[in-house]
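Per-entry structural report
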Amino acid sequence: MRLFRDSGILMLRSLRESMRQPAIEIGNLFIPLFFFAVTVGAISSISEQAFGVSNFTGFQLPVAMLQAIAGSAVAGAGIVNDIQKGYFDKLALTPTPRPALVLGRMLADAVRAVVLVGVIIAVGILTGAGMESGPLGALLLLVIAAAFSLSYTGFAVSLALKTGSNQAVQLSFLLFFPLLFLAPAFAPKEVFSGWLEFLATINPVTYILEGSRSLVLNGWEPDRLLKAFAAIAGIAAVTISMTVWAYRTRKV
Amino acid sequence: MYAIQAEQLARTFKPDIHAVAGIDLAIEPGKVFGFLGQNGSGKTTTVRMLTTLLRPTGGWARVAGFDVTSNGGAVRQRIGVALQEAGLDEVQTGRELLTLHAQLFGMGRRQARERAEELLAIVDLTEAADRRVAGYSGGMQRRLDLAAALVHHPEILFLDEPTTGLDPISREAIWRYVADLNRQGVTVFLTTQYLEEADRLAGEVAIMDAGTIVAQGSPEELKASIGTDVVTVRPAGHDGVALKAAETLRRLEGSPEVRVVGDSVVVYIPEGARAIAPIVLLLTESGIEITDITLARPTLDDVFLRKTGHHIEATPTGAHA
Ligand SMILES: Nc1ncnc2c1ncn2[C@@H]1O[C@H](COP(=O)(O)OP(=O)(O)OP(=O)(O)O)[C@@H](O)[C@H]1O
Ligand SMILES: [Mg+2]
């Protein structure tokens, strides 16, 4: 009980922080939309004949989503800042359950991710991406956004707790970009060549991307959705274990 | 039961830094305890262990009756802590920060708001309450940090150098709050580099040097323990003259304790008023001219000097290693 209540309180604090730094959120929205516009503009006229994707706008929409989610994952950086300012100690001196200290910031990331993804879906629909699965599908995309955000941001959070250093947290962004671009971001996996196809197959982001894409392009495909959630659960299992380990072995 | 009790409490950092090298504490409830020491003597490390933020590597400590290692949660419920660097979130306003803390200490939203309001008034921040902390002066941030430490009416308050780097007016204000709180029964553990602060606030003082407590007692006891007056002589002339003067003064009747401190010589001698004439005479005979000579009752500074061999070097800017 206490955990949920306090995480909520700390989440609100974190959201208040982003409301006061609107430029950062605008950047988080602008960058994925910019890439979205540029790739769609450059490739959509040839995508049909090149690799058989007729609705390239819809095909790209989940890529913009994932970029926005990664961009809004700032819990790790926030925790580093709190640690360096000494505010983390101040919070740790309250009787709040320890996990609330990190969960609050992670939940705030999820909320930001859902808002940004909501805007991106709206822009997508307005520019002709479509939504084959209908409004419920769009809602499920928001759920995927929240779940992926929570699992992904845990990675930076664990590094933040362990090292208290911004450099370490920057690493997590370095990790995301190869994962995104080793997934079938710009063309379907079927056209990938040998080694790339292999990497894409073992890359969990591939399944999150394909699951999200199926909702936009094809409607309801339970097996793809199941794989997407399994991939998210897999990432979460890793990052949660890392976070718990980081907290336990935190150099105090 | 003691408010704070410790035995052989120690903390070693890698590779081989004995920040706190085994200290014993027994502080009774309702006291103001001054923990005096210069930069790097181990004050903060001690506070962080007593407040459960840092694990001891040796010995044990109990705060409010609970072991700091095995029962940290119970300790945290009963203590308020203002650390050396006021740990604040600069993006929040003062009011938001205090409300948040009150909520984390279990109060409902409404009660938390009321408590925040009360505390803002106590530390004279009502007017600045809705401005962001980033715009607060150093003194205001310290006051806010102190208020945040008080949200849950703690029994024991830990203040790590609460006035370092503050101007005299802000310092007075902090002293006033601390004295008020103590009058209401709060036990205060206060670290400081300022002798005046310890003298003024603390009923009992421990002097910390290089990780160990070298003297402990009430300021009066400590001063009386010197048992002499203090005559400080500044000889005129080149480097090394102080050493020569000290050599000379050790030949005074009763062979008093003599120390060289910078370009002065300090003589610990009973009935100092009577010793002035012999001191002047002896130095003049040895061909040493005197620029300045003063006689004083012992201060905490003298106690500090006697116990550690050096003056306390406070860095008034609050800069520290
Ligand atoms: N995390 C740490 N790792 C390594 N050494 C440390 C650490 N924290 C403190 N020390 C060392 O322990 C010693 C005591 O430090 P401490 O901060 O307790 O002193 P202090 O009395 O609070 O000094 P100041 O007046 O400057 O605040 C110092 O030599 C310091 O460099
Ligand atoms: Mg210190």
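Note that the structure is a prediction, hence the values are computed from the model and not measured. (Residues numbered from 1 in each chain as written. Chains lettered and ligands numbered in written order. Predicted model: local features only at pLDDT ≥ 70, side-chain atom pairs only at ≥ 80, totals over all residues. Heavy atoms only, no water.)

Residue and element names in this part refer to chain B. The sheet built from six strands is open, its strands ordered 6-7-8-3-9-10 with mixed pairing. In this open sheet, the two edge strands, each paired with only one partner strand, are strand 6 (79–82) and strand 10 (212–217). Sheet twist, expressed as the mean angle between neighbouring strand axes with direction ignored, is 15 degrees. Where strand 3 (residues 32–36) lies against strand 8 (residues 187–192), five bridges are found, and the strand directions are parallel. Counterpart to F35 in the pairing with strand 8 is T191. Contacting strand 9 (204–209) and strand 10, helix 8 (residues 219–226) crosses the sheet at an angle of about 100 degrees to strand 10. (Pairing = 2+ DSSP bridges. Helix = DSSP H or I, 4+ residues; strand = E, 2+ residues; numbered from the N terminus. Axes fitted to C-alpha atoms, helices over the stretch in contact; angles between N-to-C directions. Contact = heavy atoms within 4.5 Å.)

A separate point is helix 6 (residues 168–183) of chain B. All names here are of chain B. The end-to-end C-alpha separation of helix 6 is 22 Å, in line with the 22 Å expected for 16 residues at 1.5 Å each. Elements in contact with the buried residues of helix 6: helix 4 (109–122), helix 5 (138–150), strand 7 (156–160), strand 8 and helix 7 (195–201). The residue sitting at the N-terminus of helix 6 and contributing the capping side-chain oxygen is D167; that oxygen lies 3.0 Å from the backbone nitrogen of I169. Phi turns positive one or two residues past the end of helix 6, at G185, with a value near 105 degrees. (Expected span 1.5 Å × (residues − 1). Polar contact = N/O pair within 3.5 Å; in protein donor to acceptor, adjacent residues only side chain to side chain.)

Let us look at the coordination of the magnesium ion (ligand 2). With distances of 1.8 to 2.1 Å, the protein atoms coordinating the magnesium ion (ligand 2) are T44(B) (OG1) and Q84(B) (OE1). On the criterion of sequence distance, the pair formed by T44(B) in helix 1 (residues 43–50) and Q84(B) in the loop between strand 6 and helix 3 (94–104) is long-range, its members being 40 residues apart. (Donors = N, O, S within 2.8 Å, 3.2 Å for Na, K, Ca; no water.)

Segmentation of chain B into domains returns domain 1 (4–223) and domain 2 (228–297). Between the C-alpha centres of domain 1 of chain B and domain 2 of chain B there is a distance of 41 Å. (Domains from an automatic or database assignment.)

The nonpolar side chains of a soluble globular protein tend to be buried, and buried together. Residues and elements named next belong to chain B. Among the nonpolar cores identified, the biggest contains 108 residues, and I4, L25, L50, V63, F158 and F189 are the most heavily contacted of them. At seven residues, helix 5 tops the list of elements feeding residues into this core. Taken domain by domain, this core gets at least three of its residues from each of domain 1 (4–223) and domain 2 (228–297). Setting aside residues up to four positions removed in sequence, L25 forms contacts with I4, Q5, A6, F33, F35, L50, F189 and I213. (Core = buried A, V, L, I, M, F, W, Y, C linked by side-chain atoms within 4.5 Å. Buried < 20%, exposed > 50% of the residue type's maximum accessible area, 1.4 Å probe, protein only.)

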